[in-house]
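# Structure assessment
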Amino acid sequence: MKEIEVETTKRIMQRFWQDFPLDLDVAVIGAGPSGMVAAKYIAQAGKKVGIFERDLSIGGGIWGGGMLFPVIVVQDDVHPILRDFDIEGRAAGDGYCTLNAVEFATKLGSKAIDSGVKFLNGIEVEDLIIKNDRVSGVVINWSAVSAAKLHVDPLGIKTKTVIDATGHPCEVCKMILKRRHKLATKSGGIEGERAMDVENAEKFVVNNVKEVYPNLWVAGMAVSAVFGGPRMGPIFGGMISSGKRAAEEVLKRLPKE
Ligand code: 48H
């Protein structure tokens, strides 16, 4: 007779290993709005996509809405993206609509999963594999390891492309600088976010989705931080449009099968 205690252990290990990707087309770092949208559209095109998320939960800055009120605002022109994720917006008739933050976070995640995205939560990207001046992989560790300040060596995953969707801290781009490489910005470094200015910020995060180092793209709030754009507060149309744009640009560059 099988002992369920041991069977549970075995099944968890086996299933985790079956699903775990060693070789990806695209590694998205950060399961906030921009990362989940980028990941869904790339996976939908048949590519192998994994999202590494340090937290146990997905959603990044969505949950807090504006000042902990779990509601966010988006522009009416992102409705085609909302429809792709089955998200209901409540229109005000002035070009903006409100979304329930919980619905927004959960449906972005569930539709990404339905499109084939693998979520790797509780895992942190702590460094990059860089060969011949190109990113060729990510270096990962359990987030619990850094939280407990343990000295544990990380593991490496191969990927053709990385998208930095880590939000304000633009952590992946900072890893390029830490390893003494330069970014494709004016200064070669991080330009830093500017003060709140919603209309300009929203355009900025979409227009500046770029490959900032060979095989490394930047999406969402990390775009403002890296290229020096303004912030926008709890208006998320730019985040999801930026994620979609990142998907379109990355798909143009990935080798056709
Ligand atoms: C694994 C990591 C790592 C790492 C970070 O902050 P996010 O929600 O990111 P975006 O850019 O999709 O959305 C930004 C938005 O939430 C926001 O903050 C806005 C619109 N602010 C405007 C304003 O004016 O303030 O999500 C990033 C995710 C988080 O879940 C992090 O835990 C995760 O990335 N993350 N995961 N490895 N090294 N670094």
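See the structure printed just above.
In this text, all values refer to a predicted model and were calculated from it rather than measured experimentally. (Residues numbered from 1 in each chain as written. Predicted model: local features only at pLDDT ≥ 70, side-chain atom pairs only at ≥ 80, totals over all residues. Heavy atoms only, no water.)

## A few points about the nonpolar core
One broad rule of soluble globular proteins: the nonpolar side chains tend to lie buried together. Ranked by internal contacts, the top residues of the largest apolar core, which has 76 residues, are F52, F104, V138, I163 and L216. In terms of residue count, the dominant contributor to this core is helix α2 (residues 33-44) (seven residues). (Core = buried A, V, L, I, M, F, W, Y, C linked by side-chain atoms within 4.5 Å. Buried < 20%, exposed > 50% of the residue type's maximum accessible area, 1.4 Å probe, protein only. Helix = DSSP H or I, 4+ residues; strand = E, 2+ residues; numbered from the N terminus.)

## Notes on the sheet that holds strand β3 (residues 71-75)
On the basis of which strands lie adjacent, the open sheet formed by three strands has the order β3-β5-β4 and antiparallel pairing. Looking along the sheet, the strands with just one partner apiece sit at the ends: β3 and β4 (90-91). Examined bridge by bridge, β4 and strand β5 (residues 96-100) share two bridges and lie antiparallel to one another. Residue pairing in the sheet places A91 in a bridge with C97 of β5. (Pairing = 2+ DSSP bridges.)

## A closer look at the site of the ligand
Surveying the vicinity of the ligand reveals 27 residues, the closest of which are S34, E53, G61, R231 and G233. A distance of 2.8 Å separates an oxygen atom of the ligand from a polar atom in the backbone of M221. Here an oxygen atom of the ligand and a backbone polar atom of M232 are 3.3 Å apart. Judged by its atoms lying within 2 Å of the grid points, the ligand is housed in the largest pocket. The greatest single-element share of the shell around the ligand, amounting to three residues, is contributed by strand β7 (residues 123-131). Considered class by class, the residues forming the shell around the ligand number eleven nonpolar, ten polar and six charged. (Near = heavy atom within 4 Å. Polar contact = N/O pair within 3.5 Å; in protein donor to acceptor, adjacent residues only side chain to side chain. 1 Å grid on protein atoms, 1.4 Å probe; cavity = no way out; pocket = protein on both sides within 12 Å on 5 of 7 lines; lining within 4 Å. Sits in = over half its atoms within 2 Å of the grid points. Nonpolar A, V, L, I, M, F, W, Y, C, P; charged D, E, K, R; others polar.)

## As for helix α9 (residues 237-253)
Taking 1.5 Å per residue as the helical rise, α9 with its 17 residues ought to reach 24 Å, and the 25 Å between its terminal C-alpha atoms agrees with that figure. Among the residues making up α9, those that are buried are G237, G238, M239, I240, S242, G243, A246, A247, E249 and V250. (Expected span 1.5 Å × (residues − 1).)

## With respect to helix α4 (residues 101-114)
For α4, which comprises 14 residues, the first-to-last C-alpha distance of 20 Å matches the rise-based estimate of 20 Å (1.5 Å per residue) to within 8%. Among the residues of α4, those classed as buried are A101, E103, F104, A105, L108, G109 and A112. Of the surrounding secondary structure, the elements contacted by the buried residues of α4 are α2, β3, α3 (79-84), β5, β6 (118-121) and α9. Of the residues that open α4, the one with a side-chain oxygen 2.8 Å from the backbone nitrogen of V102 is N100. (Contact = heavy atoms within 4.5 Å.)

## What to know about the layout of surface pockets
The computed volume of the largest pocket comes to approximately 700 Å³. Looking at the largest pocket, it is lined by 32 residues, and the ones nearest its centre are G60, G61, T166, G167 and H168. Of all the secondary structure elements, the ones that give two or more residues to the lining of the largest pocket are α2, β2 (49-53) and β7. Tallied by class, the residues present in the lining of the largest pocket amount to 15 nonpolar, eleven polar and six charged. (Points joined across faces, edges and corners; volume = space filled by probe spheres on them.)

## Structural notes on the pattern of salt bridges
Within this structure, the stated rule accounts for twelve salt bridges. For the salt bridge of E7 with K10, the shortest nitrogen-to-oxygen distance reads 3.3 Å. Within this pair, E7 and its partner K10 are both found in helix α1 (residues 4-19), separated by three residues, close to a single helical turn. Among the residues examined, E7 registers a relative accessible area of 9% and is labelled buried. Given a relative accessible area of 41%, K10 falls into the partly exposed group. Measuring nitrogen to oxygen at the nearest pair gives 2.9 Å for the salt bridge that ties E7 to R11. Taken together, the positions of E7 and R11, both in helix α1 and four residues apart, correspond to about one turn of that helix. Owing to a relative accessible area of 46%, R11 belongs among the partly exposed residues under this scheme. (Salt bridge = Lys/Arg side-chain N within 4 Å of Asp/Glu carboxyl O.)

## Brief notes about unusual backbone geometry
For residues other than glycine, phi is negative in most cases, and the peptide bonds are mostly trans. Positive phi, close to 65 degrees, is recorded for R180, a residue that is not glycine. Within the fold, R180 resides in the loop between α6 (171-178) and α7 (198-207). Positive phi, normally seen in glycine, also occurs at N215, with a value near 75 degrees. Looking at the secondary structure, you find N215 in the loop between β10 (210-213) and β11 (216-218). With a relative accessible area of 17%, N215 lands in the buried category.

## Remarks on the packing of α2 against α9
Here α2 crosses α9 at 35 degrees, and the two axes come no closer than 7 Å. Of the two elements, α2 crosses α9, and the hand of that crossing is right-handed. For the pair α2 and α9, the contacting residues are P33, S34, V37, A38, Y41 and I42 in the first and M239, I240, G243, K244, A246, A247, V250 and L251 in the second. (Axes fitted to C-alpha atoms, helices over the stretch in contact; angles between N-to-C directions. Left-handed = near helix turned anticlockwise from the far one by under 90°.)

Distances and angles like these do not, on their own, reveal function.
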